[in-house]
Amino acid sequence: MNKLILVAIVATVAIGTSQAFVPVFHRFRRSPSVRCCNDGFEDSINHEKVVAVRRTCAEELGLNEMSEEELLKNRENLVCLVECIAKKHELADETGDLLHEDLAKALKEHFSVAEWKAPLLDDFIKQCFDHAEEEHEKHPTEEGKCNPEGFDFSYCLWRHFTLACPEELQDDSERCEAIRGKLKSDEDVGFWNNDLDETK
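How each quantity is defined
- Residues numbered from 1 in each chain as written.
- Predicted model: local features only at pLDDT ≥ 70, side-chain atom pairs only at ≥ 80, totals over all residues.
- Heavy atoms only, no water.
- Helix = DSSP H or I, 4+ residues; strand = E, 2+ residues; numbered from the N terminus.
- Buried < 20%, exposed > 50% of the residue type's maximum accessible area, 1.4 Å probe, protein only.
- Contact = heavy atoms within 4.5 Å.
- Areas by Shrake-Rupley, 256 points an atom, 1.4 Å probe, with all protein chains shown as cover.
- Phe/Tyr/Trp six-rings, centres within 6.5 Å; stacked < 30°, edge-to-face > 60°.
- Expected span 1.5 Å × (residues − 1).
- Polar contact = N/O pair within 3.5 Å; in protein donor to acceptor, adjacent residues only side chain to side chain.
- Disulfide = S-S within 2.5 Å.

Section: the overall build of the protein
Part 1 of the argument: Regarding its fold elements, the protein presents 8 helices and 0 strands.
Part 2 of the argument: Reading the protein from its N terminus to its C terminus gives the helix and strand order α-α-α-α-α-α-α-α.
Part 3 of the argument: Across the 200 residues in the protein, those meeting the buried criterion constitute 50%.
Part 4 of the argument: Taking the contacts inside the protein whose residues are at least 6 apart along the sequence as the reference set, 67% of them involve residues at least 24 apart.
Part 5 of the argument: Carbon and sulfur atoms make up 46% of the accessible area of the protein, which amounts to about 10,200 Å² in all.

Shown next, in the form of structure tokens:
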């Protein structure tokens, strides 16, 4: 099982999904992001591989010509992107339902190297599987549309890690302060609905 798989799924939301598709890659660091914990992932080889996986799925889904703003404002596109990544790495079945054991194993293998994340994983994984299943029961996948379970799981995990990020690693930009404020108030951060534009 490729240990980068989970990173690709979680990073789809956690490091600003659409940054992989910005035509001019040197703009990456200046692009608004929903990644608010500076633990060095953007500088890693893993990040480059995640970008490649996302780019492949974007091309397959016909999303590669979209700007990052267009992609982030359309939740359905993000749902399909996460489903594609999960299926490509055999972490979801043909209907897009997550394979819990395989996904949990991939998560633990990857994040066990992050000292601050490792002790939180078991609890976060369980909570997010439960959350994704509850959402899926309330809102079953519509015929002809992508399965949102992977997106709901990755959003949940991103939320937990964003709030648990050690203070010394937190991005203190206005945008990230606004994101953390919404998450602490248990509000959805609808970056696909343009509700954080004022904090860019």
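Digging into the packing of aromatic side chains
Part 1 of the argument: Tallied over the full model, the rule gives 5 aromatic pairs.
Part 2 of the argument: The interplanar angle of 85 degrees and the centroid separation of 5.7 Å between the aromatic rings of Trp116 and Phe161 together place this pair among those described as edge-to-face. Of this pair, Trp116 sits in the loop between α5 (100-111) and α6 (121-138) while Phe161 sits in helix α7 (residues 149-164), placing them 45 residues apart in sequence.
Part 3 of the argument: On the accessibility criterion, Trp116 (18% relative accessible area) is buried.
Part 4 of the argument: Both rings, one in Phe124 and one in Phe161, keep their centres 5.2 Å apart while their planes meet at 75 degrees; by these two values the pair is edge-to-face. In this pair, Phe124 is assigned in helix α6 and Phe161 in helix α7, connecting sequence segments 37 residues apart.

Focus on helix α4 (residues 75-88)
Part 1 of the argument: Here α4 contains 14 residues, and its C-alpha end-to-end distance of 20 Å stays within 8% of the 20 Å for a straight helix at 1.5 Å per residue.
Part 2 of the argument: For α4, the buried fraction is high: 10 of the 14 residues fall into the buried class.
Part 3 of the argument: Those residues of α4 lying buried are Asn77, Leu78, Val79, Cys80, Leu81, Val82, Glu83, Cys84, Ile85 and Ala86.
Part 4 of the argument: The N-cap residue of α4 is Asn74: its side-chain oxygen and the backbone nitrogen of Glu76 are 3.0 Å apart.
Part 5 of the argument: Directly after α4, the chain includes Glu90, whose backbone phi takes a positive value near 60 degrees.

Re the state of the cysteines
Part 1 of the argument: Evaluated as defined, the whole model comprises 5 disulfides.
Part 2 of the argument: Each sulfur in the disulfide pair Cys37 and Cys165 lies 2.0 Å from the other. On the sign convention where negative means left-handed, the S-S torsion of about 80 degrees between Cys37 and Cys165 marks this disulfide as right-handed. Note that Cys37 is positioned in the loop between α1 (4-14) and α2 (45-61) and Cys165 in the loop between α7 and α8 (174-184), a separation of 128 residues in sequence. Here Cys37 and Cys165 have matching classes, each one buried.
Part 3 of the argument: Here Cys57 engages in a disulfide with Cys84; their sulfurs sit 2.2 Å apart.

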